Structures are given as structure tokens and as C-alpha cells.
Amino acid sequence: MAYHDDEWGVPERDSRALFEKLLLDGFQAGLSWITILRKRENFRRAFDGFDPDRIARYDAAKVEALMQDAGIVRNRAKVEGAVLSARAYLDLRDQGISFADVMWGAVDGETKVNRPRRIADVPAETAQSRALSKRLKGHGFKFVGPTIVYAAMQACGLVDDHLEGCYCAGH
């Protein structure tokens, strides 16, 4: 409830915070979000505060150490994907491209407000998430399929999918 009330759907424009949420959504794939929320502080500790500069330098020994960390989701492909995504993040930065600009570019810089009536009306992906997924993959990001990307877009306030009548709608 606290996550829904205080974080989910609140516009985030900081590149590093967006990067963290995207990686966490990638780790969440196939799991419940509450599992990730319960492990979020462990992820922050294990992944050096989601610092892309540090994650990009992870070597095989660090990946092995992460695979032994019961405080996180120990999925080798996701761990290795986080390293590759950090490198992609740095490549963007080296090209003078802000990660926040890439993310927010998917919605032309403004939160896309939807007001679904029922949870069943909330899509798993959209044309915007498919386009952003393709762009991120093209830059070398991993675990950024259109459903994961749409979840990140919701979490970061790029889209506002709070249900009609929800007291958080429009915050």
C-alpha cells in the first residue's frame, strides 16, 4: 500500500532513479512485485546503490558473489543483464544522451494519463512501451521487453494508470 500510495506513478525524472526502477522491473519479471519490494534494500546494497559506473565494472567474480546473495533474486541472466544494461547506460551518457530523456521521450516528456475503470482495462504493454523497448534493446539494454518497460513506465510516472476513483489518481 505504501508503495502504491507514495511511489507508484509519481513522475521520476532522475536518470539514476529511472535506471534503478527499470532494473528492478527486469528482476521482477515472472515474480510478484511484493517479492522485489521486500528485497529492494538488499538489491540496493548488492548493486552498489544502482550506480551504473560501478555495476558496469562488475566482473565474473562479482557476478558469482551476487549469485550467492540470498537477499536478491539470484537469476544469472538477470544479474548479467544488469551489468550489460549499466554499460548501455554509460554508452548513452558518453554520447551525451540522458537516460531520463530516452525514457521520457517515449511519452513526449509528459505523463500520459489513462484512467482505466478496472484493473482488467490496464494493458500489459502499449505502442509506446514497444517503441521504448526496441530503442533500449538497440542501445544494449537487457530485460527490457515491452511488458517490463510498461511496468517501469507506470512505476516512474511516465503513464498514470491509477484506476478511476483511486485517491492517488493525478498525484
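As a reminder, the structure under discussion sits directly above these lines.
Quick notes on the rules
- Residues numbered from 1 in each chain as written.
- Predicted model: local features only at pLDDT ≥ 70, side-chain atom pairs only at ≥ 80, totals over all residues.
- Heavy atoms only, no water.
- Helix = DSSP H or I, 4+ residues; strand = E, 2+ residues; numbered from the N terminus.
- Rg over C-alpha atoms; globule rule 2.2 N^0.38 Å.
- Salt bridge = Lys/Arg side-chain N within 4 Å of Asp/Glu carboxyl O.
- Buried < 20%, exposed > 50% of the residue type's maximum accessible area, 1.4 Å probe, protein only.
- Expected span 1.5 Å × (residues − 1).
- Arc of directions from axis to C-beta.
- Contact = heavy atoms within 4.5 Å.
- Polar contact = N/O pair within 3.5 Å; in protein donor to acceptor, adjacent residues only side chain to side chain.
- Phe/Tyr/Trp six-rings, centres within 6.5 Å; stacked < 30°, edge-to-face > 60°.
- Lys NZ or Arg CZ within 6 Å of the ring centre and 35° of its normal.

Draft legend 1. Broad picture of the overall build of the chain. Within the chain, the secondary structure is distributed over 9 helices and 2 strands. Starting at the N terminus and walking to the C terminus, you meet the elements of the chain as α-α-α-α-α-α-α-β-α-α-β. Relative to a compact globule of 171 residues, whose C-alpha radius of gyration would be 16 Å, the chain shows 16 Å and is just as compact. Each principal axis of the C-alpha atoms in the chain carries an extent, and together these give about 50 × 35 × 20 Å.

Draft legend 2. Structural detail: the pattern of salt bridges. Under the criterion given, the structure shown has 9 salt bridges. For the salt bridge of E41 with R44, the shortest nitrogen-to-oxygen distance reads 2.5 Å. Here R44 and E41 lie together in helix 3 (residues 33-46), a separation of 3 residues that amounts to about one turn. By relative accessible area, R44 is classed as partly exposed at 27%.

Draft legend 3. Quick look at helix 8 (residues 127-138). Spanning 12 residues, helix 8 covers 16 Å between terminal C-alpha atoms, matching the ideal 16 Å at 1.5 Å per step. Buried within helix 8 we find S129, L132, S133 and L136. Viewed along the axis of helix 8, the buried residues span an arc of 105 degrees, placing them on a single side of the element. Exposed side of helix 8, more than 90 degrees from the buried face: K134 and G138 are the residues found there. Where helix 8 is buried, its residues meet helix 2 (15-28), helix 7 (99-105) and helix 9 (146-155). Of the residues trailing helix 8, G140 is marked for its positive phi of about 105 degrees.

Draft legend 4. Here's a closer look at the environment of L23. Considering the arrangement of structural elements, one finds L23 in helix 2. Given a relative accessible area of 7%, L23 falls into the buried group. The spatial distance from the C-alpha of L23 to the C-alpha of V149 is 9.9 Å, given a sequence separation of 126 residues. Ignoring any residue separated from it by four or fewer positions in sequence, one finds L23 in contact with F50, I55, A82 and S85.

Draft legend 5. Structural context of helix 6 (residues 76-94). The end-to-end C-alpha distance of helix 6, which contains 19 residues, comes to 27 Å, matching closely the 27 Å that a straight helix rising 1.5 Å per residue would cover. Buried within helix 6 we find K78, V79, G81, A82, V83, S85, A86, A88, Y89, L90 and L92. Check the buried side of helix 6 and you find it contacts helix 2, helix 4 (52-55), helix 5 (60-67) and helix 7. For helix 6, the side-chain oxygen to backbone nitrogen distance between the N-cap and A77 is 3.1 Å, and the N-cap itself is N75. G96 occupies a position one or two residues after helix 6 and carries a positive phi of about 80 degrees.

Draft legend 6. Local environment of the packing of aromatic side chains. Counted under the stated rule, the structure contains 9 aromatic pairs. Plain terms: the ring middles of F47 and F50 are 5.9 Å apart, the flat faces sit at 5 degrees to each other, and that makes the pair stacked. Ring centres of F47 and Y58 lie 6.2 Å apart, and the angle between their planes is 35 degrees; this geometry places the pair in the tilted category. Of this pair, F47 sits in the loop between helix 3 and helix 4 while Y58 sits in the loop between helix 4 and helix 5, placing them 11 residues apart in sequence. Assessed through its relative accessible area of 8%, Y58 is described here as buried. These aromatic residues form a ring-pair network of at least three members: F27, F43, F47, F50 and Y58. Seen from the ring of W104, R13 lies directly overhead, with NZ or CZ sitting 3.7 Å from the centre. Taking the ring centre of Y58 as reference, the NZ or CZ of K62 above it sits at 5.0 Å.

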